[in-house]
Amino acid sequence: MSQPNTAPVVITGANRNIGAHMAHRFIDEGFAVIAQYRTATEDIERLIARGAITIQGDFADAKASLAVAEAIDEALGAADAPLRALIHNASAFAPTADEVLQAADQFQAFFEVHMRAPYLLNTRLAERLSEPDGRPGDIVHITDIYADHPAIDYDIYCATKAGLQNLSASFARRLAPGVKVNAVQPGPISFESWVDDQQQQSMLDATPLGRTGSPDNIYRAVRALMDNDYQTGAVVAVDGGRRLGR
């Protein structure tokens, strides 16, 4: 384990999969972690046992998102206490509903999670973002390779992830030079239960490296962005080359 890092890392959607893995890995490296989650899981219990500060809340609307931002700010303590990184991992994922009103509800829900919540948290917490020695802090948006290469059956998901990626570029310009803002595009890391074996194999066949990635591949991309003090506005694909076949 590295020497303790005094400025915490915030990870949204830390209750499962990539978010939970990143939270544990940051703790391994000596970072304090503030983990936002909507639904409690065993991973949240393990994070609490390891000393993480956990914040339960959702991103259902602007009021709820601002409540999470305020809770993070309160957890940081003193007004001049820095925040090392803000990692937007929370996500909503599903194929677009066939019924138009149901699809419209999905659009609103995905917009809240993928776009409005990151916008509000970035805006509320930007002044906190710096390293203890005064170097820039980091914002990392976890988007998707579908942000650039949308899938028809997931068009609402893709559109709102593309919006998040565009916000990343906007904030990179707005917050420079005090904060670096970058995006990571995961490719196939894991499959949801509704993706059948044939669909899974078809996706892997179109991936040059021929396999799914792992949550640790995403973590390492995030850490590389944090460690590079001359990289902002970047979009880093971690997809085994999947986007090349789209």
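Asks: Help me understand the side chain of Asn 89 in this model?
Replies: Take Asn 89: it is sitting in the loop between strand E4 (85-88) and helix H4 (100-125). With relative accessibility at 10%, the residue Asn 89 sits in the buried group. If we ignore the near neighbours within four places in the chain, the residues touching Asn 89 are Ile 11, Thr 12, Gly 13, Ile 18, Gly 19, Met 22 and Ile 142.

Asks: Could you clarify how one ought to interpret the pairing of strand E3 (residues 53-56) in this entry?
Replies: Here is the key point about a regular strand: its side chains alternate between the two faces of the sheet. Examined bridge by bridge, strand E2 (residues 31-37) and E3 share four bridges and lie parallel to one another. Bridge pairing in E3 links Ile 34 to Ile 53.

Asks: Please clarify how helix H2 (residues 42-49) should be interpreted in this entry.
Replies: Along an α-helix, residues three or four positions apart point the same way, because every turn accommodates 3.6 residues. Listed in full, the buried residues belonging to H2 are Asp 43, Ile 44 and Leu 47. Seen end-on, H2 carries its buried residues on one side only, within an arc spanning 100°. Across H2 from its buried face, at more than 90 degrees, point the exposed residues Glu 42, Glu 45 and Ala 49. Buried residues along H2 sit in contact with helix H1 (17-28), E2 and E3. Looking one or two residues beyond H2, the residue adopting positive phi is Gly 51, at roughly 100°.

Asks: Sorry if this is basic, but what is going on with the side chain of Asp 43 here?
Replies: Its location among the elements puts Asp 43 in helix H2. Among the residues examined, Asp 43 registers a relative accessible area of 19% and is labelled buried. Setting aside chain neighbours within four positions, we find Asp 43 in contact with Asn 15, Arg 16, Ala 20 and His 24.

Conventions and cut-offs
- For every chain, the first residue of the written sequence is number 1, and numbering continues from 1 onward in sequence order.
- In keeping with the model being predicted, local features are shown solely for residues with a pLDDT of at least 70 and side-chain atom pairs are shown and tallied solely at 80 or more, while totals for entire chains, interfaces and linings include all residues.
- Calculation of side-chain values draws on the structure's entire complement of heavy atoms; hydrogens and water are dropped beforehand.
- Only runs of H or I of at least four residues qualify as helices and only runs of E of at least two qualify as strands under DSSP, and these elements are numbered from the N terminus.
- Only protein chains enter the accessibility calculation, which uses a 1.4 Å probe; a residue whose area is less than 20% of its type maximum is buried, one above 50% is exposed, and one in between is partly exposed.
- We call two residues contacting when some pair of their heavy atoms lies within 4.5 Å.
- Pairing between two strands requires that DSSP report at least two bridges joining them.
- The directions from the helix axis to the C-beta atoms are what the arc is built from.

It is worth stressing that arrangement in space is one thing and function is another; only the former is reported here.
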